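Listed here are the chains, written in short residue letters.
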Amino acid sequence: MRLIFPRDFIFGTSTAAAQIETAFEHDWQGVVARDGAVFDRTTDHELRLKDDAKLIASLAPYYRMGFLWSKLQREPLGKLHKPTVKIYRGFLDDLQKRGVKIMMVLHHFTNPTWFAKRGGWEKEENIDLWINYCKKVIDEFGDYVSVWNTFNEPNVYASYGWVTGFFPPFKTNLYLASVVVRNLGTAHNRAYKQIKKRYPKHPVGISHNATIFSAENLLGWFPARLGDWWFMEFVPSHFEKVDFFGMSYYTRIPHDPVPITNVLTPEKMKKLGRPHDDMWEYHPEGLRKCLDRYWNKYKKPIIITENGVADASDTLRQQAIKDYAKIMHQALRDGIDLRGYFWWSTWDNFEWHLGPSCRFGLYACDWETKERTPRPSTEIFKKLVWGKMIDG
Ligand code: BGC
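A brief look at the structure comes next. (Residues numbered from 1 in each chain as written. Predicted model: local features only at pLDDT ≥ 70, side-chain atom pairs only at ≥ 80, totals over all residues. Heavy atoms only, no water.)

## So, the overall build of the protein
So, step 1. Counting its regular elements, the protein contains 13 helices and 12 strands.
So, step 2. In terms of overall size, the protein behaves like a compact globule, its C-alpha atoms giving a radius of gyration of 20 Å where 392 residues would be expected to give roughly 21 Å.
So, step 3. A principal-axis box enclosing the C-alpha atoms of the protein has dimensions of 55 × 45 × 45 Å.
So, step 4. Within the protein, buried positions represent 61% of all 392 residues.
So, step 5. Of all intrachain contacts in the protein linking residues separated by at least 6 positions in sequence, the fraction that spans at least 24 positions is 77%.
So, step 6. Accessible surface, the protein: about 15900 Å² in total, of which carbon and sulfur atoms supply 54%.
So, step 7. Separation between the mean location of the 55 positive side-chain charges and that of the 46 negative ones in the protein comes to 5 Å. (Helix = DSSP H or I, 4+ residues; strand = E, 2+ residues; numbered from the N terminus. Rg over C-alpha atoms; globule rule 2.2 N^0.38 Å. Buried < 20%, exposed > 50% of the residue type's maximum accessible area, 1.4 Å probe, protein only. Contact = heavy atoms within 4.5 Å. Areas by Shrake-Rupley, 256 points an atom, 1.4 Å probe, with all protein chains shown as cover. Lys, Arg positive; Asp, Glu negative; His and termini not counted. Charge placed at Lys NZ, Arg CZ, Asp CG, Glu CD.)

## Re the pairing of strand β2 (residues 10-14)
So, step 1. In terms of burial, β2 is a largely internal element, five of the five residues being buried.
So, step 2. Burial along β2 is two-sided: I10, G12 and S14 and F11 and T13, pointing in opposite directions, are all buried.
So, step 3. Sheet topology places β2 next to strand β9 (residues 338-344); five bridges connect them, and they run parallel. Bridging across to β9, S14 finds its partner in W344.
So, step 4. The pairing of β2 with strand β3 (residues 62-66) spans three bridges and is parallel. Each residue of the ladder has a partner; that of S14, found in β3, is R64. (Pairing = 2+ DSSP bridges.)

## Notes on the pairing of strand β7 (residues 244-255)
So, step 1. Most of β7 sits out of view: 12 of its 12 residues are buried.
So, step 2. As defined by bridge partners, β7 adjoins strand β8 (residues 302-307) across five bridges and the pair is classed as parallel. Each residue of the ladder has a partner; that of G246, found in β8, is I303.

## Some thoughts on the side chain of N183
So, step 1. Looking at where N183 falls in the secondary structure, it is placed in helix α8 (residues 174-198).
So, step 2. Among the residues examined, N183 registers a relative accessible area of 2% and is labelled buried.
So, step 3. With sequence-adjacent residues up to four places away left out, N183 is seen in contact with W121, E122, K123, E124 and I127.

## Looking at the side chain of S14
So, step 1. On the secondary structure map, S14 appears in strand β2.
So, step 2. In this view, S14 contacts R64, T305, E306, F342, W343, W344, S345 and T346; residues no more than four positions away in its chain are not counted.

## With respect to the site of the ligand
So, step 1. Not every one of the 14 residues close to the ligand is listed here, only the nearest: Q19, E153, E306, E351 and W352.
So, step 2. Here Q19 contributes a side-chain N or O atom positioned 2.8 Å from an oxygen atom of the ligand.
So, step 3. Between the ligand and W352 there is a distance of 2.8 Å, counted from an oxygen atom to a side-chain nitrogen or oxygen.
So, step 4. Contact with the protein chains hides 96% of the accessible area of the ligand, taken as 310 Å² for the molecule alone. (Near = heavy atom within 4 Å. Polar contact = N/O pair within 3.5 Å; in protein donor to acceptor, adjacent residues only side chain to side chain.)

## A few points about the nonpolar core
A general tendency of soluble globular proteins is for nonpolar side chains to be buried together.
So, step 1. Ranked by internal contacts, the top residues of the largest apolar core, which has 116 residues, are Y63, F67, W121, W130 and M247.
So, step 2. If you look at the next biggest cluster of nonpolar residues, it comprises nine residues, including Y250, M279, W344 and F360. (Core = buried A, V, L, I, M, F, W, Y, C linked by side-chain atoms within 4.5 Å.)

## Some thoughts on the packing of helix α2 (residues 49-59) against helix α13 (residues 377-387)
So, step 1. The interhelical angle for the contact between α2 and α13, taken along N-to-C directions, is 60 degrees, at an axis separation of 9 Å. When the interaxial angle is binned, α2 and α13 end up oblique. Contacts between α2 and α13 pair A57, S58 and L59 from the former with T378, F381, K382, V385 and W386 from the latter.
So, step 2. Residue classes in the contact of α2 with α13 are distributed as five nonpolar, two polar and one charged. (Axes fitted to C-alpha atoms, helices over the stretch in contact; angles between N-to-C directions. Parallel < 35°, antiparallel > 145°, perpendicular 65-115°, else oblique. Nonpolar A, V, L, I, M, F, W, Y, C, P; charged D, E, K, R; others polar.)

Structural data, given as structure tokens:
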């Protein structure tokens, strides 16, 4: 049986500037990842704009992307850096000519060093600095953008930066984490207004990471419940002014009481005997649970802003594209207002604190030569995207 997607259903792939461009005076520059790689040169995107635009356009009609704030605005409240504007505009022109529409992410985990030094998102007064940047981006690049996404996964950003300490500023302070969430929420609401002032018809939304927190035993019950409340309820409740609810989905995290992942506790993951990728448990059914949950809660159109697997072998990825497509199709048939789907990621990139050994790309990126090569799953993805169908 053929499962057909609606004609206006959006398909795209997704990247984040910091993960594909060489680091430029931002708060991840020089961070040493778990696999030993230093966050600096990543995939040379800035040197391969033409080829990358071609690759992006071959994969899907939409592309979810962002800019390096630190490169565009080199001092607080400063004018956008002209040569950088020119380069980004050239890239967007190229994509536009190739028929690619843009979902623009205004903040994806990194900040300019000057912003971090002033206390970053811990300080309410710094919101003005980001809003100033946003206004300039809206003026300069707004005509290229079809859909806006203010913050990428504020729930991951606040949790990893201020609860687990995996991300800069590497803190473990629940109080500060909640201050950051409040500030991000305020910033989101203000950015929403700014975009609407200029582009009243363009959808503006957020992207939260949706995760299933499960308990493997009695001891896991409380941490799983707490994680679920903080991550899935408390943080999202600060971002309700949206035209669509954006969510990324990757995994279910079992707790025993500590989180079981293939990164932190590979021997436990093995013992569980469940499918997993190079990072986490593979639990595609969780996507449907999260769709149900947020659809019932908000009754807003949903866009899946990221979904994918860390799979260097590209065996699970080929299956995952099909599994997730079927789940989305069923959700559509059941009346969930699901509007689109973005695959993470277009090509392999620098996976934050874990480093480039975690490979999410439809295209492989050779870490020495930076050559991009399509993985077999690329064909499966393209069939789904351009044919708008999957064999059920
Ligand atoms: C982030 C990406 C990241 C991906 C895989 C999401 O949490 O937005 O930047 O690479 O998941 O971990």
